[in-house]
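Examining the three-dimensional arrangement
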Amino acid sequence: MLRSDFQKLMPKIIARFVKDEIEPLARRWDENREYPQENMRKLAEMRILGMRVPPKYGGSGRSLFDSVLILEQIAKADPSTAINLHIQHNASPIYVIHCSSDKVKEKFLIPFASGKILFSMAQTEPDVGSNLNDLSTTARRVGNDYIVNGAKCMITLGRNANVHLVYVKFEDDNSIGCLLIEKGQEGLYQGGHEDFLGLRGLDSGELVFNDCRVPEENLLIKGRGSLRQMLTFFNGTRVGLASISLGIAEAAFEEALRYSKIRTISRKPLIEYQGLQWKLADMAIKIEEMRQLVYSAAKDTSLNGFPNPFTSSAARIVASESAIEITNMVMSIFGAYGYSKEYPIERYLRDARGTTFIGGTPEVLRNAIGSYLKKRNL
Ligand SMILES: Cc1cc2nc3c(=O)[nH]c(=O)nc-3n(C[C@H](O)[C@H](O)[C@H](O)COP(=O)(O)OP(=O)(O)OC[C@H]3O[C@@H](n4cnc5c(N)ncnc54)[C@H](O)[C@@H]3O)c2cc1C
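The paragraphs below set out a description of the structure included in this document. Note that the coordinates shown come from a computational prediction; the quantities given were computed from them, not determined experimentally. Residue indices begin from 1 for each chain and proceed along its sequence in written order. Totals for whole chains, interfaces and linings use every residue, but because this is a predicted model, local features are given only for residues with pLDDT of at least 70 and side-chain atom pairs only at 80 or more, for both listing and counting.

Counting from the N terminus, the helices are DSSP H or I runs at least four residues long and the strands are E runs at least two residues long. Secondary structure assignment for the chain yields 12 helices and 10 strands. Throughout, radius of gyration means the C-alpha value; the globule benchmark is 2.2 Å times the number of residues raised to the power 0.38. Over its C-alpha atoms the chain spans a radius of gyration of 21 Å, differing by no more than 12% from the 21 Å that the globule rule assigns to 378 residues. Dimensions of the chain, computed from C-alpha atoms along their principal axes, come out at roughly 80 × 50 × 45 Å. Exposure classes come from backbone-placed C-beta atoms, where a residue is buried if 20 or more other C-beta atoms lie within 10 Å of its own, exposed if 12 or fewer do, and partly exposed in between. Burial status across the chain gives 51% buried among its 378 residues.

Put into structure tokens, the structure is as follows:
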């Protein structure tokens, strides 16, 4: 695949930064369930955080593929940092870029691009996950404001984000749309802290809205066709997530390859045993397959500039399922050491498992592909 200078150079710069700054601390964030704030600050200083924002608002207008190359490198050391960054690249700000007025763009994108604010994206509710049509968080129009009531849970950066992009059901037309709600807004309570098995640096929290008054200008999208439009943005979000599964699998595989050359059985390195060579070969093939799917989905702009449901869902399914398979195989290659906290393998496996839930489960993604195929004319 042809690459721009940025695409050739940036992954190398990020790989070095990851080795020096992120990798040494990844274990600490996992063990302490700690939000890796320093990483986000450093990424902001490097102007990586707001890099997808158009230059007019202080960013560098980078593409989904540019983002994917960076996320993949960061996920090799700390998938939580990669997911926190991914929300800033491929989730909420994309909605602001495409749906808001110049005034709102200036208000939110300029401080965001200079690293002063972070976004979250809040869809999931205690009783509603996969089916967004069932959302029960409501927005009612009163004068020039919307009054929001309801609750969201498992929200990445739910505790530290300054601006939440919140999916709601509008009472006047029953449509699903979204609003921007700022930290500190009266009637918004940020709390909880999800105790997940892996991805423990996500800063996952709850948002509760109790007659929370949101100015009309913070409305991003509502009305007929709004959910379809939001799902179009979501195709890009899925590809960003797929690159994080790819990074986890690559990191685990590289550990396995290194280990298989130094660990001996009967004075022969593991890699000399054909059964283990075949395992390594299978993993290398799978990773190449993941990479091709993720990169080509990241370059797909066939749906109004975004990847289509097939390319994005296929990349997400293959990447997240293969990452589990590969991290599990790597654990076998490490034997009991893989199951011990001495090596990062058990963390890779826990983190890989977590990526399957975010942004649509494999079942829901297969449904998306099914609907797409039903509409396809041969
Ligand atoms: C680490 C992590 C980070 C997260 N970050 C965020 C975030 O930032 N923002 C946010 O809004 N949410 C976030 N979530 C929540 C996540 O988006 C939801 O978990 C996900 O949408 C699935 O919803 P659910 O868990 O309620 O499962 P449910 O919707 O209750 O589904 C239960 C099971 O049924 C299956 N299923 C559902 N519908 C169908 C169907 N039609 N056909 C067949 N099977 C089906 C599902 O695949 C699943 O196996 C996060 C979750 C995790 C684990």
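The next point concerns the environment of Tyr-189. Looking at where Tyr-189 falls in the secondary structure, it is placed in strand β6 (residues 188-191). The contact partners of Tyr-189, leaving out residues within four places of it in the chain, are Val-208 and Asn-210. Residues are defined as contacting one another if the C-beta atoms placed from their backbone atoms lie within 7 Å.

A pair of strands is treated as paired once DSSP finds two or more bridges between them. The pairing of strand β2 (residues 138-142) with strand β3 (residues 145-155) spans 5 bridges and is classified as antiparallel. Directly across from Arg-141, in β3, lies its bridge partner Tyr-146. Where β2 folds back on β3, the antiparallel hairpin that results is connected by 2 residues, among which Gly-143 adopts a positive phi of roughly 60°. Alignment of β3 against strand β7 (residues 205-215), held across 8 bridges, turns out to be antiparallel. Bridge pairing in β7 places Tyr-146 opposite Val-214.

To continue, consider the nonpolar core. Ranked by size, the top nonpolar core spans 115 residues in total, and within it Ile-74, Val-148, Cys-178, Leu-179, Ala-252, Val-294 and Val-330 carry the most contacts. Among the elements that take part in this core, helix α8 (residues 226-262) stands out by supplying 16 residues, more than any other. Other than its neighbours up to four places away in sequence, Cys-178 contacts Tyr-95, Leu-165, Val-166, Tyr-167, Val-168, Leu-220, Ile-221 and Met-230. Each nonpolar core consists of buried Ala, Val, Leu, Ile, Met, Phe, Trp, Tyr and Cys residues. Their C-beta atoms, within 7 Å, join them into a set.

Checked against the element boundaries, Val-166 lands in strand β4 (residues 163-170). Once the C-alpha coordinates of Val-166 and Leu-219 are considered, the two residues, 53 residues apart in sequence, prove to be 9.9 Å apart. With residues up to four places along the chain from it excluded, the contact list for Val-166 reads Ala-122, Thr-137, Val-148, Lys-152, Cys-178, Leu-179 and Ile-181.

Let us look at helix α7 (residues 102-113). Note that an α-helix has 3.6 residues per turn; residues three or four places apart therefore point the same way. Looking at α7, one finds that the buried residues are Phe-108, Leu-109, Phe-112 and Ala-113. Mapping the buried residues of α7 onto a view down its axis gives an arc of 120°, with all of them on the same face. On its buried side, α7 packs onto α6 (92-99), β1 (119-122), β4 and β5 (176-182). Of the residues trailing α7, Gly-115 is marked for its positive phi of about 85°. The arc under discussion is defined with respect to the helix axis, by the directions toward the C-beta atoms.

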